[in-house]
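Letter by letter, the chains look like this.
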Amino acid sequence: MVNRVAVLSDIHGVLPALEAVLAEPDVAAADLIVLTGDIAAGPQPVEVLDVLAGLGDRVCWVGGNCERELVEARAGKPASIEVSNWAAGQLRDDQVAQLAALPATVTLDIDGLGPTLFCHATPRDDEEVVLVDSRMERWVEVFAGLPPEVSTVVCGHTHMPFTRLVDRRLVVNPGSIGMPYGGAGAWWALLGPGVQLRRTHFDVDAACARVTAESAYPDAAAWADEYLRSQHSDADALAVFGPRDGR
């Protein structure tokens, strides 16, 4: 059983945001850091992966749709998002191989939460959409086939933090480290024995300037301004994502 787990999702290759979260005392003291996908698709992919790899066995990796897309882009199948194609070209061969080998789900027994499944979007698909207000029938659909002993599901993908019950099963989305919708800062979660949704504040102006200076991505300044400043509200994101959950 694991006592305390820090969950970091959707880092999207933003090194200043990642470093701010890793400096949090509760993250430093956690027994394990779980990454729930979309780790490197952004302006500082190599640097982010190197920092996380340097943490060794303290990190448990789960792949997301962006990991799959980076690997595919490197193999000659371009992604639909420009920054992903650029990031794929920056990665070392060993990093591409690491991303290609990531599991889609990991299940851990966590103090107070029981068997907890970590995934990127849903347990069965790395880009399905479920939201805090998705109807119960949608949750039943995406959880079909999930072992009954799994009492908690932790997902990411939509960049908005929430917790809710789904027919006695707890669902947690920690939000996004590098591309938050609804408010600037790096959003993450601390698990065990309960659930805490956390936000790490950092100097956004300095972070944008640093990404612009340190990244070779041609549109790094505009990318940082849009996403690190959280130009998109949660209401905006829900309006875009809502139709994708079948409503």
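Residues numbered from 1 in each chain as written. Predicted model: local features only at pLDDT ≥ 70, side-chain atom pairs only at ≥ 80, totals over all residues. Heavy atoms only, no water.

An unreviewed UniProt entry lists the chain under the name YfcE family phosphodiesterase, with Micromonospora arborensis as the source organism. Taken verbatim from the UniProt record of the chain, the Sequence similarities (unreviewed entry) comment is "Belongs to the metallophosphoesterase superfamily. YfcE family." (UniProt positions renumbered as here; feature names shortened; annotations may be inferred.)

A. The arrangement of the overall build of the chain in detail. Counting secondary structure elements, the chain contains 10 helices and 10 strands. Overall, the chain is about 45 × 40 × 35 Å in size when its C-alpha atoms are taken along their principal axes. Burial status across the chain gives 55% buried among its 247 residues. The long-range share in the chain, meaning contacts at least 24 apart out of those at least 6 apart in sequence, stands at 67%. The chain carries 18 positive and 35 negative side-chain charges, and their two centres are separated by 5 Å. (Helix = DSSP H or I, 4+ residues; strand = E, 2+ residues; numbered from the N terminus. Buried < 20%, exposed > 50% of the residue type's maximum accessible area, 1.4 Å probe, protein only. Contact = heavy atoms within 4.5 Å. Lys, Arg positive; Asp, Glu negative; His and termini not counted. Charge placed at Lys NZ, Arg CZ, Asp CG, Glu CD.)

B. Geometry of the confidence of the model for the chain. Looking at the chain as a whole, its pLDDT mean stands at 97, while 100% of the residues score no less than 70. Helix α10 (residues 234–241) is the least confidently modelled element of the chain, averaging 95 in pLDDT, while strand β1 (residues 5–8) averages 99, the highest of any element. (pLDDT = per-residue confidence, 0-100.)

C. Structural context of the layout of surface pockets. Here the largest pocket defines a volume of roughly 550 Å³. Of the residues contributing to the lining of the largest pocket, the split by class is 12 nonpolar, seven polar and six charged. (1 Å grid on protein atoms, 1.4 Å probe; cavity = no way out; pocket = protein on both sides within 12 Å on 5 of 7 lines; lining within 4 Å. Points joined across faces, edges and corners; volume = space filled by probe spheres on them. Nonpolar A, V, L, I, M, F, W, Y, C, P; charged D, E, K, R; others polar.)

D. Broad picture of the environment of L190. Mapped onto the elements of the fold, L190 is located in strand β9 (residues 186–191). For L190, a relative accessible area of 1% gives the class buried. Spatially, the C-alpha atom of L190 lies 17 Å from that of G37, the residues being 153 residues apart in sequence. Beyond its immediate sequence surroundings of up to four residues, L190 is in contact with R4, V5, A6, D26, V195, Q196 and R198.

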